[in-house]
Amino acid sequence: MSIFSKHLPAIHVEHYKYTAESPTEKMPVPDKVYISMVQHIGAPCQPKVEVGDLVKVGQVIGDTDAFVSAPIHSSVSGKVTAIDKSLTMSGVWDLIVTITTDKKQEVLEGLAPPQIDDKDSFIKAVRASGLVGLGGAAFPTHIKFNPKNLDEVDSFIINGAECEPYLTADYRTMMENSELLINGLKNTLKYLKIKRGIIGIESNKAPAINKLRAMVKDNPEIEVMELRSVYPQGGERVLIYETTGREIPIGKLPADIGAIVSNISSVVALQNFIETGMPLVSKKVTVSGNAIRIPKNVEAPIGTPISQLITFCGGYKRTPKKIIMGGPMMGAAVYDDGMTVNKNTSGILTFDEELATLPKETPCISCGRCIKACPMLLMPTLLAKAYDAKDVEQLQKLNVNLCMECGCCSYVCPAKKQLAFTNKLGKRLVMEGGKK
Amino acid sequence: MGRYNQGTLIVSSSPHIVDNVTTTRIMLDVLIALIPAFIMSGVIFGSRAILLTVTCVAACVLFEAGFQYITKKDSTITDLSAVVTGVLLGFNLPSSLPFWMAVVGSFVAIVVVKQIFGGIGQNFANPAITARVVLLVSFATPMTTWPLPSNLLGTTDAVTGATPLGILNMGTDLSSLPSNMDLFLGFVGGSLGETSAIALLIGGIYLLWRKVIEPWIPLAFIGTVFIFALLAGQDPIFHICAGGVMLGAFFMATDYTTSPHLTTGKIVFGIGCGLMTMIIRLYGSYPEGVSFAILLMNILTPQIDMLFRRKTYGGVKI
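Residues numbered from 1 in each chain as written. Chains lettered and ligands numbered in written order. Predicted model: local features only at pLDDT ≥ 70, side-chain atom pairs only at ≥ 80, totals over all residues. Heavy atoms only, no water.

Engineer: I would appreciate a short explanation of the overall build of chain B in the present structure.
Structural biologist: Along chain B, the regular secondary structure elements total 14 helices and two strands. What you see for chain B is a C-alpha radius of gyration of 21 Å, in line with the 20 Å of a compact globule of 318 residues. In terms of overall dimensions, chain B has a C-alpha envelope of 90 × 45 × 30 Å along the principal axes. Counting across all 318 residues of chain B, residues that qualify as buried make up 53%. Pairs at least 24 apart in sequence give 73% of the contacts found in chain B among residues at least 6 apart. Carbon and sulfur atoms make up 70% of the accessible area of chain B, which totals about 13,000 Å². Here chain B carries 15 positive and 14 negative side-chain charges, and the mean point of each set is 13 Å from the other. (Helix = DSSP H or I, 4+ residues; strand = E, 2+ residues; numbered from the N terminus. Rg over C-alpha atoms; globule rule 2.2 N^0.38 Å. Buried < 20%, exposed > 50% of the residue type's maximum accessible area, 1.4 Å probe, protein only. Contact = heavy atoms within 4.5 Å. Areas by Shrake-Rupley, 256 points an atom, 1.4 Å probe, with all protein chains shown as cover. Lys, Arg positive; Asp, Glu negative; His and termini not counted. Charge placed at Lys NZ, Arg CZ, Asp CG, Glu CD.)

Engineer: Is there a simple way to explain the environment of T286(A) in this structure?
Structural biologist: Residues and elements named next belong to chain A. Its place among the elements puts T286 in strand 13 (residues 282-288). The buried category is assigned to T286, whose relative accessible area is 0%. The sequence separation of T286 and V33 amounts to 253 residues, and the corresponding C-alpha distance is 19 Å. Of note is the side chain of T286, whose polar atom sits 2.9 Å from the backbone nitrogen of A169. (Polar contact = N/O pair within 3.5 Å; in protein donor to acceptor, adjacent residues only side chain to side chain.)

Engineer: So what exactly am I meant to see when it comes to the UniProt feature "transmembrane region" (unreviewed entry) in chain B here?
Structural biologist: All names here are of chain B. According to UniProt, the "transmembrane region" (unreviewed entry) feature falls on residues 26-44, 99-117, 129-148, 183-209, 216-231, 237-255, 267-284 and 290-308. In the segment residues 26-44, helix accounts for 100% and strand for 0%; the C-alpha atoms at its two ends are 28 Å apart. Annotated as 94% helix and 0% strand, the span residues 267-284 places its first and last C-alpha atoms 24 Å apart. (UniProt positions renumbered as here; feature names shortened; annotations may be inferred.)

Engineer: Could you clarify how one ought to interpret the state of the cysteines in this entry?
Structural biologist: Two cysteines joined by a covalent bond between their sulfur atoms form a disulfide. One pass over the full model with this rule turns up zero disulfides over all chains. You can see C374(A) has no disulfide; the closest cysteine sulfur is in C406(A), sitting 6.3 Å from it. (Disulfide = S-S within 2.5 Å.)

Engineer: What is the right way to read helix 1 (residues 119-128) of chain A from this model?
Structural biologist: Residue and element names in this part refer to chain A. Three or more residues of helix 1 are buried, namely S121, F122, I123, A125 and V126. In this fold, the buried residues of helix 1 make contact with helix 2 (141-144), helix 4 (178-192) and helix 7 (264-276). Where helix 1 terminates, the next one or two residues include G130, which has phi positive at roughly 75°.

Engineer: What should I look at first to understand the UniProt feature "modified residue: FMN phosphoryl threonine" (unreviewed entry) in chain B in this one?
Structural biologist: Residues and elements named next belong to chain B. When the UniProt feature table is mapped to this numbering, "modified residue: FMN phosphoryl threonine" (unreviewed entry) covers T163. Secondary-structure assignment places T163 in the loop between strand 2 (160-161) and helix 7 (164-170). The buried category is assigned to T163, whose relative accessible area is 10%. Residue contacts for T163: discarding those within four places in its chain leaves W146, G189 and G190.

Engineer: I tried to follow the side chain of T188(A) on my own but got confused; where do I start?
Structural biologist: Among the structural elements, T188(A) can be located in helix 4. With near-sequence residues (within four places) excluded, T188(A) lies in contact with F122(A), F145(A), F156(A), K193(A) and L270(A).

Engineer: Sorry if this is basic, but what is going on with the pairing of strand 15 (residues 322-325) of chain A here?
Structural biologist: Residue and element names in this part refer to chain A. Of the two faces of strand 15, the one holding K322 and I324 and the one holding I323 and M325 are both buried throughout. Relative to strand 17 (residues 347-351), strand 15 is paired through four bridges, and the arrangement is antiparallel. When the sheet's bridge partners are listed, M325 is paired in strand 17 with I348. Turn length for the strand 15-strand 16 (residues 332-334) hairpin, with the two strands adjacent in sequence and antiparallel, is six residues, and the turn residue G326 shows positive phi of about 105°. (Pairing = 2+ DSSP bridges.)

Engineer: Would you mind showing me how to read the confidence of the model for chain B here?
Structural biologist: In low-pLDDT regions, the fine details of the predicted coordinates are not to be read closely. Taken over all residues, the pLDDT of chain B has a mean of 90, while the share at 70 or more is 93%. Predicted as a complex, the structure gets a pTM of 0.91 and an ipTM equal to 0.90. (pLDDT = per-residue confidence, 0-100.)

Engineer: How should I be thinking about the domain arrangement of chain A in this particular structure?
Structural biologist: When the parts of a complex come together, some accessible area is lost, and that lost area is often taken as the interface size. Residue and element names in this part refer to chain A. Looking at the assigned domains, one finds that chain A contains domain 1 (119-276) and domain 2 (369-434). Between the C-alpha centres of domain 1 and domain 2 there is a distance of 29 Å. Counting residues at the interface gives six residues for domain 1, matched by seven residues for domain 2. Summing both partners gives a buried area of about 530 Å² for domain 1 against domain 2, and 82% of it is carried by carbon and sulfur. Summed over the three residues of domain 1 that lose the most area to domain 2, namely Y231, R237 and I250, the buried surface amounts to 64% of that side. Put simply, domain 1 and domain 2 have zero salt bridges between them. Across the domain 1-domain 2 interface, the total number found is one residue pair in polar contact (both at pLDDT 80 or more). (Domains from an automatic or database assignment. Buried area = accessible area lost by both parts, 1.4 Å probe. Salt bridge = Lys/Arg side-chain N within 4 Å of Asp/Glu carboxyl O.)

Engineer: I would appreciate a short explanation of the nonpolar core in the present structure.
Structural biologist: One broad trend across soluble globular proteins is that nonpolar side chains are buried collectively. In terms of nonpolar packing, the biggest core is built from 78 residues, with L88(B), L93(B), F221(B), F251(B) and I294(B) touching the most fellow members. Here the element with the most residues in this core is helix 1 (residues 23-45) of chain B; it accounts for 10 residues. Residues contacting F251(B), with those up to four places away along its chain left out, are V30(B), A33(B), L34(B), L88(B), L200(B), G203(B), G204(B), L207(B) and M246(B). In this structure, A20(A), L185(A), I209(A) and L270(A) belong to the second largest nonpolar core, which totals 45 residues. (Core = buried A, V, L, I, M, F, W, Y, C linked by side-chain atoms within 4.5 Å.)

Engineer: Sorry if this is basic, but what is going on with a nonpolar patch on the surface here?
Structural biologist: All names here are of chain B. A grouping of L28, I32, I35, I39 and V43 is seen on the molecular surface, where their side chains present a nonpolar patch of about 360 Å² in accessible area. Tracing the sequence through the fold places V43 in helix 1. Residue V43 is classed as partly exposed on the basis of its relative accessible area, which comes to 31%. (Patch = residues over 30% accessible without salt bridge, like charges linked within 9 Å, V, L, I, M, F, W, Y side chains within 5 Å.)

Engineer: Please explain the packing of aromatic side chains as it appears in this structure.
Structural biologist: Describing an aromatic ring pair means giving the distance of the ring centres and the angle of the ring planes. Across all of its chains, the model carries 11 aromatic pairs over all chains by this definition. Taken together, a centroid distance of 6.2 Å and an interplanar angle of 55° make the contact between Y16(A) and Y18(A) tilted. Among the residues examined, Y16(A) registers a relative accessible area of 30% and is labelled partly exposed. On the basis of relative accessibility, which here comes to 53%, the residue Y18(A) falls in the exposed class. With 4.9 Å between their ring centres and 65° between their planes, F117(B) and F124(B) make a pair best called edge-to-face. Its relative accessible area of 42% is what places F117(B) among the partly exposed residues. One cation-aromatic arrangement involves R48(B) over F99(B); the distance from NZ or CZ to the ring centre is 4.2 Å. (Phe/Tyr/Trp six-rings, centres within 6.5 Å; stacked < 30°, edge-to-face > 60°. Lys NZ or Arg CZ within 6 Å of the ring centre and 35° of its normal.)

Engineer: Just checking my understanding: could you explain the UniProt feature "binding site: [4Fe-4S] cluster 2" (unreviewed entry) in chain A for this structure?
Structural biologist: Using the residue numbers shown here, the UniProt feature "binding site: [4Fe-4S] cluster 2" (unreviewed entry) corresponds to C374(A), C403(A), C406(A) and C409(A). The largest pairwise C-alpha distance within this set of annotated residues, which runs over 36 residues, is 10.5 Å, so the set is compact in three dimensions. Among the structural elements, C374(A) can be located in the loop between helix 10 (369-373) and helix 11 (380-388). Contacts of C374(A), omitting those with residues within four sequence positions, involve P9(A), P380(A) and R310(B).

Shown next, in the form of structure tokens:
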């Protein structure tokens, strides 16, 4: 980083937080939900129900014995009407459980708060809650919370940065579920025996900062930290650096430098499970963009098709040309609006033709803006040249794998080069050993 | 699953929004920053200065369009980079230079230095600087015949004389050196766009404010000239205002493609430019060394970039 700054490089992006002051609305249960058996990084789940089975809210419908996994629960009550292979978000074919809802939303009998009295039972509860990283990465939370060197972890950092433009679901969660958040944090610190809890929030969410600060004023172990309103403050490595000043050596994990990072929504969902026994079955999602009639924050059952959320938000105002799941900087463009809300869905953005069409690429003028913008201190323009030459050795030397695909380089490029995309391809090339 | 809008939605990789800065906008900013010096060149040297710059711009644009037409490449005329090169080349010429020589210079800048190496972003040296050096060694006499400032009403620029640096170089009659105020305003002999330090400074500050350039190269360049002059027992203000230092430091040495990427490299580059300039001025046979200094440092840029790499997050030097 620059010798003049104790911050990592970052960029200024427009916030477009149109829905910041819109309280979350719970949407009606859709006629059908389609729950993918791929809801996390790791092993896909196997369906634990069969076609024809009646299911209730909170019932396990998918699980696996594989270590890197989390169970999947039904978000509705109704009848399983299909289990078939379908193309998922990530472009792979996988099992999807279709449940036709009875609209009664009957909760599974015997759903009760879990018995927690030590670390092991806590971790067990985390897994049972079905929690995965809700910020987007979808890494199973029970693994993240239980690293080999847990005794060396001294900081539990909650990511409340919400640095992606448009998205306000985390902000609404902080405002609407602050009790659950603080209690969830206290429980996590207690059972994982971590000394310090940090909630990092960007300065553009002052009401949340003030509210949470007031709530933890008698808890010296918890600190609500104001972060600069720049992108990408919520990147795991960036957040750790900005809150603790620590850098994760290449090839190491946050726990190796004594930190565990979790998303706001994950902690809230965990505490909800601890208090009620209700696992993760719904998700707060920001529906926004310039093609939607009424931008809203919506709480939707997992498995709800995007099209249903769109209808709930008044439908399309203009013909959508791009639909993004997640934020505009890192979210994925989907090819149809039948895709469903998953555990890690944080936003659905609809762009009209004008917003959806990116400007044409022109030649690189070596202005160095991408180099100045890279939070990981990489050299995106050189990486792009190495990729064009299919030079695997150079890609590795330039540490392409450190790229977190935050998109800062592409955003600032005056030549409109898709540098982040090139890095994605570069990583793939390195993985394949340059066989192409 | 319900399939809506399938086939009509754009699917592309993130990010889905981009900044509104473009190459054209950057070049436009450079042109805006050059306006004060352009006006001053007309005020100081008369209409011929304006005409010569316009000739260079027209020739540069035509050469670029022509080359790209002949080689069947996409035209990059609209990015305005050829216009910038034309203005900078014009600014580096004496206002009395025959027009056809300016056209030759434009050919060297656009075709030989820029397009043959692959067009914008691919040239190893600054096109305008290289063209100026080529003209200087090819047409030594017309390139060193300096019209003196015309009076504000007159359009004749027949009177020629030595530049301030020329006077210093000959070392004969130092009493005829202009005042620092004349130098700062630009009412002295020299290349038509380089004499007015104040006009170039205004343009430079505009570029800094627009974040088109970073301050490191100009600061290191001008600072080195200042300190070198001080150590050599000469007037530092004279040296930073005379000749092409201001034009070179803000507009030529900061060329993206031919200067280092990182801050440390930029500082080293700027210091190198300053040192070379002063060594040529004080110990070389040429009175002025800015063009040679920048050209030399352009060529060293890849080596500087290699030497002053940075560590990535997580501590690996790349």
